Protein chains: 2
Amino acid sequence: MKANSPSTVSIVLRGLSEKRNISDATKKKVLEAAKTLGYTPNMQSKLLRSNLPNLPVITLFWDSTTRQYILGSFLKGIQDSIVSNGFTYDLQVKPYAVDHLEESMTARTLMESNGIIICNASDKDIEFLENNDLSVPIVLYNRYSDKYPTVNMNDKEIGKMAADVFIRHEKTRPALLTSVPNFEGMVIRENTFKDILNQNHISDIYRIVVDDTPSGGYMGVLEILKSKPLPDCILCSSDNIALGAIKAFYDKGIKIPEQLELISIGNGNRDLEEYSTPSLSVVSLPLEAMADACLTRISRAITDLSLVSDSR
Amino acid sequence: MKANSPSTVSIVLRGLSEKRNISDATKKKVLEAAKTLGYTPNMQSKLLRSNLPNLPVITLFWDSTTRQYILGSFLKGIQDSIVSNGFTYDLQVKPYAVDHLEESMTARTLMESNGIIICNASDKDIEFLENNDLSVPIVLYNRYSDKYPTVNMNDKEIGKMAADVFIRHEKTRPALLTSVPNFEGMVIRENTFKDILNQNHISDIYRIVVDDTPSGGYMGVLEILKSKPLPDCILCSSDNIALGAIKAFYDKGIKIPEQLELISIGNGNRDLEEYSTPSLSVVSLPLEAMADACLTRISRAITDLSLVSDSR
DNA sequence: TTGAAAGCGCTAACAA
DNA sequence: TTGTTAGCGCTTTCAA
């Protein structure tokens, strides 16, 4: 059987047979061959051929396992930053599972990205990054690293703000409801928090480790309620935890903030922050500003060719 | 000045000068030229050249203006579906602003996508889609269209479920706290809801239109509280609205569900559904199942070349 | 130390 | 009605 020429095949495959007077026989032959071969068009080639202007691609890696509801806010921050800075970038988001960043950063993704922003990587993910020489500019958000540029909120300040609420409200019996710290920022926040309380002569901090989920917070509170004397103020390391904690207090008939004050470090669930019932004090994290900083940073890395100083 | 050959330039630009014994003069020349020209590597070309196997690209368009916290859940549903079905796809998410889908669906994006899933398009966005012949397989999620395949939850069933709660709990004075319906499904839900109440001889439904935000819900409830007699059960069209409503009742000292029952159509804010305080009845939407259906549908469209039946 | 040529998959222009 | 050729931007192989 005679093979068809590339152009004929191209025409048929794009559904232009009629317009270009391709015979039904040829059309049928091509479509059948495509089907048996499981043909899928290669979009890179199409794009290349199209002569559309080249647009740098920025890939945002997002931990889809835990940080679900924040993505929207962060993304919005990025978008706004792109617009307000007049950048022209092709933004794409890739979800990944905690501890499995490696599997998501395929050779392909690396190859199609001019710059990469990695959000909320776990220690294991960071380890992968540090141990490999990736050929693309990378910025880590909310994490610390010697190897890559990072964008961090001021974790000390966050710890301080939480402690300040305690002190301002003249609380004396603090409790800490936290998940296992899975990134350095959490440790910094907690340490600063403790340090400042210590400086104010409060050293006895009841600390409970729970899952970073509402049910974790719920169960944590049940545990806390067994202690005597009861704490008079609880700091939750995330609003996930706070959500469950509120519910537990409600179910147990304990009034917030009258009987017991609740403070949360808010990861961007703005609705929760404003409309939680009853109100809790939230140390709010500047998500949008951080997104903006990430974009600015990666943008610099992309522009700045000197970053491609020889690797060996 | 003599031009350098492509290969030399390529070597320098990838930071391999040292390894490949490029003279410092040449290296400097190339880097400077790149800088003044504002060179950015074309990743399509790199990918093409790399001989990595071709991976079909699925683009998920997400309305980033309103539906922020759902994205995580939906994305997770997609991811899980990819894994469990053994698909190999390159998934990318593109945010867009309501009513501005057109601007986000650039020629470039169309050209780099083998298939597109569009979520939560507004009527205006749908209009754009219907009026244009896009050359890529498209699936609409949560919307109705004659032109494109759609994936919808059973909106009648949702309306029915909400009505059933009213009836089961023997309520007689219903109120509806809804945002302006911006997609057909909302209308279907509301109509079914009313129909069923009517069938049960409840025809007097107090209806208030508010913003689809917590503060919308808050203000809506304040309005409702002015009415006599008070409704005994309120249906909120989204959990955004419900969140504000709860807060309003709390602030006004009205007990839920004892004094007044609250029902919400939940858009996937699972935390809220489980841990709202006090509890509200939520008609939960099957987000993950929908995501799976979207992926299956677009996958079929991509595979099924007969879909490229002649356009003219 | 640098350059020339080929080819990744695709499509447009032109030729047959 | 179909085929040939060139070229999108890149990297690799081989030659100079």
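The residue numbers shown here count from 1 along each chain, following its written sequence. Key to labels: chains lettered from A, ligands numbered from 1, both in the order written. For a predicted model such as this one, the threshold for reporting local features is a pLDDT of at least 70, and the threshold for listing and counting side-chain atom pairs is 80 or more; totals across whole chains, interfaces and linings nevertheless cover every residue. For side-chain calculations, the full set of non-hydrogen atoms in the structure is used, while hydrogens and water are omitted.

1. A closer look at the overall build of chain A
Runs of H or I in DSSP of at least four residues are treated as helices and runs of E of at least two as strands, each being numbered from the N terminus. Helix and strand content of chain A: 13 helices and 10 strands. A compact globule built from 312 residues should have a C-alpha radius of gyration of about 20 Å, whereas chain A, at 26 Å, is more than 25% larger. Over its C-alpha atoms, taken along the principal directions, chain A stretches across nearly 90 × 45 × 35 Å. Remark: exposure states derive from per-residue accessible area (1.4 Å probe, protein chains only) relative to the maximum for the residue type, with buried under 20%, exposed over 50%, and partly exposed in between. Counting the 312 residues in chain A, one finds 53% classified as buried. Radius of gyration here uses only the C-alpha atoms, and the compact-globule reference equals 2.2 Å multiplied by the residue count raised to the power 0.38.

2. Some points on the protein's contact with DNA strand C
Near DNA strand C you find 24 residues, and of these Ser10(A), Tyr39(A), Arg49(A), Thr26(B) and Arg49(B) are the closest. By convention in these notes, a residue is near a molecule or strand provided one of its non-hydrogen atoms lies within 4 Å of it. Sugar and phosphate atoms form 70% of the subset of DNA strand C atoms that lie within 4 Å of the protein. In protein, a polar contact means a hydrogen-donor-capable atom and an acceptor-capable atom, both N or O and within 3.5 Å, with residues adjacent in sequence counting only if both atoms are side-chain atoms; elsewhere, any N or O pair within 3.5 Å suffices. Within the side chain of Thr8(B), a nitrogen or oxygen atom sits 3.2 Å from a phosphate oxygen of DNA strand C. Take Arg49(B): an N or O atom from its side chain is 3.1 Å from a base nitrogen of DNA strand C. Those elements that provide at least two residues to the surface near DNA strand C are helix H1 (6-13) and helix H3 (43-50) of chain A together with helix H1 (6-13) and helix H3 (43-50) of chain B. Broken down by class, the residue content of the surface near DNA strand C amounts to six nonpolar, 12 polar and six charged. Put simply, Ala, Val, Leu, Ile, Met, Phe, Trp, Tyr, Cys and Pro go in the nonpolar bin, Asp, Glu, Lys and Arg in the charged bin, and everything else, Gly too, in the polar bin.

3. With respect to the packing of aromatic side chains
Each aromatic ring pair is described using two quantities: the centre-to-centre distance and the angle formed by the ring planes. Residues and elements named next belong to chain A. Aromatic pairs are defined between Phe, Tyr and Trp rings, using the six-membered ring for Trp, whenever the two ring centres lie within 6.5 Å; interplanar angles under 30 degrees are classed as stacked, those over 60 as edge-to-face, and all others as tilted. Per the counting criterion, the structure on display carries 10 aromatic pairs over all chains. The interplanar angle of 70° and the centroid separation of 5.2 Å between the aromatic rings of Phe 166 and Phe 193 together place this pair among those described as edge-to-face. Here Phe 193 lies in helix H9 (residues 184-199) and Phe 166 lies in helix H8 (residues 155-168), a separation of 27 residues in the sequence. Judged on exposure class, the residue Phe 166 and its partner Phe 193 are both buried.

4. Some remarks on the interface of chain A and chain B
With 73 residues of chain A at the interface, the matching set in chain B holds 73 residues. A quick way to say it: buried area is the sum, across both parts, of accessible area lost when two parts are put together, with a 1.4 Å probe. Between chain A and chain B lies a buried interface of about 6500 Å² when both sides are counted; carbon and sulfur atoms form 59% of it. Salt-bridge detection follows one rule: a side-chain nitrogen of Lys or Arg within 4 Å of a carboxyl oxygen of Asp or Glu. Run the count over chain A and chain B and you get six salt bridges. One salt bridge in this structure joins Lys94(A) and Asp90(B), with 2.5 Å as the shortest N-O distance. In this assembly, chain A and chain B are joined by 15 residue pairs in polar contact (both at pLDDT 80 or more). Sorting the residues of the side of chain A that touches chain B by element identifies helix H2 (24-37), H3, helix H4 (70-85), strand S2 (90-96), helix H6 (107-112), helix H10 (214-224), helix H11 (239-251) and helix H12 (270-275) of chain A as the ones contributing at least two each. In terms of residue count, H3(A) provides more of the side of chain A that touches chain B than any other element does, seven residues in total. Split by residue class, the side of chain A that touches chain B holds 33 nonpolar, 23 polar and 17 charged. Contacts are assigned to residue pairs that have any heavy atoms within 4.5 Å of one another.

5. Observations concerning a negative patch on the surface
Residue and element names in this part refer to chain A. Any residue with relative accessible area above 30% and no salt bridge may belong to a patch, with like charges joined within 9 Å and the nonpolar Val, Leu, Ile, Met, Phe, Trp and Tyr side chains within 5 Å. Accessible surface area values rest on a Shrake-Rupley calculation with a 1.4 Å probe, where residue burial reflects the displayed protein chains alone. Neither His nor the chain termini are counted; the positive set is Lys and Arg, and the negative set is Asp and Glu. By convention, the charge on Lys lies at NZ, on Arg at CZ, on Asp at CG and on Glu at CD. A surface patch of negative charge is lined by Asp 99, Asp 123, Glu 127, Glu 130, Asp 146 and Glu 184. By residue number, the principal contributor to the negative patch is helix H7 (residues 123-131), which donates three residues. Mapping Asp 146 onto the fold places it in the loop between strand S4 (138-141) and strand S5 (150-151).

6. Concerning the domain arrangement of chain A
Residues and elements named next belong to chain A. Note: domain ranges come from an automatic or database domain assignment. Segmentation of chain A into domains returns domain 1 (6-49), domain 2 (57-153 + 289-304) and domain 3 (155-285). The straight-line distance from the C-alpha centre of domain 2 to that of domain 3 is 29 Å. Contacts between domain 2 and domain 3 engage 11 residues on the former and 15 residues on the latter. When domain 2 packs against domain 3, close to 1100 Å² is buried across both sides, 45% of that on carbon and sulfur atoms. Linking domain 2 with domain 3 are zero salt bridges. Put simply, domain 2 and domain 3 have two residue pairs in polar contact (both at pLDDT 80 or more) between them.

7. A few points about the protein's contact with DNA strand D
Taken together, 25 residues form the shell around DNA strand D, and within it Ser7(A), Thr26(A), Ser10(B), Tyr39(B) and Arg49(B) come nearest. The sugar-phosphate portion of DNA strand D accounts for 65% of its atoms within 4 Å of the protein, the bases making up the rest. The backbone of Ser23(A) places a nitrogen or oxygen atom 2.9 Å from a phosphate oxygen of DNA strand D. Taking Lys46(B), its side chain carries an N or O atom lying 3.1 Å from a phosphate oxygen of DNA strand D. Residue composition of the surface near DNA strand D, by class: six nonpolar, 12 polar and seven charged.

8. Section: helix H7 (residues 123-131) of chain B
Residues and elements named next belong to chain B. All of the buried residues along H7 are Asp 125, Ile 126, Phe 128 and Leu 129. The buried residues of H7 occupy an angular sector of 155° when projected down its axis, which confines them to one face. Of the residues in H7, the exposed ones pointing more than 90 degrees away from the buried face are Asp 123, Glu 127 and Asn 131. Turning to H7, the residues buried within the fold contact strand S2 (90-96), helix H5 (101-104), strand S3 (115-119) and strand S4 (138-141). Read the arc as the range of directions from the helix axis to the C-beta atoms.

9. Remarks on the sheet that holds strand S10 (residues 281-284) of chain A
Residue and element names in this part refer to chain A. Strands are treated as partners if at least two bridges between them are detected by DSSP. With respect to topology, five strands assemble into an open sheet ordered S7-S6-S8-S9-S10, the strand pairing being parallel. Each having just a single partner strand, strand S7 (206-209) and S10 make up the two edges of the open sheet. With direction set aside, neighbouring strand axes in the sheet form an average angle of 20°. Of the pairings in the sheet, the one linking strand S6 (residues 174-178) to strand S8 (residues 233-236) comprises four bridges and is parallel in character. Each bridged residue has a counterpart across the sheet, and for Leu 177 the counterpart in S8 is Cys 236. Seen against the sheet, H8 touches S6, S8, strand S9 (261-266) and S10 and runs at an angle of roughly 165° to S9. Throughout, an axis means a line fitted to C-alpha atoms (over the contacting stretch in the case of helices), and angles, computed between N-to-C directions, take values from 0 to 180 degrees. Strands S6, S8 and S9 of the sheet are contacted by H11, whose axis makes an angle of about 155° with S9.

10. What about the relation of the copies chain A and chain B?
Mapping chain A onto chain B calls for a rotation angle of 180° and an axial translation of 0.0 Å; the resulting RMSD is 0.1 Å. Both copies are brought into coincidence by an operation consistent with a two-fold rotation axis. Superposing copies: least-squares fit, C-alpha atoms only, residues required to have pLDDT of at least 70 in both.

11. Focus: the pairing of S2(B)
Residue and element names in this part refer to chain B. Of all seven residues making up S2, seven are buried, and the element is well covered by its neighbours. Along S2, one buried face is formed by Asp 90, Gln 92, Lys 94 and Tyr 96 and the opposite face, lined by Leu 91, Val 93 and Pro 95, is buried too. Where strand S1 (residues 57-63) and S2 come together, seven bridges link them in parallel fashion. The residue of S2 that forms the bridge with Val 57 is Asp 90.

12. Here's the deal with H1(A)
All names here are of chain A. Listed in full, the buried residues belonging to H1 are Thr 8, Ile 11, Val 12 and Leu 13. Buried residues along H1 sit in contact with H2. Just downstream of H1, Gly 15 is the residue with a positive phi angle, here 70°.

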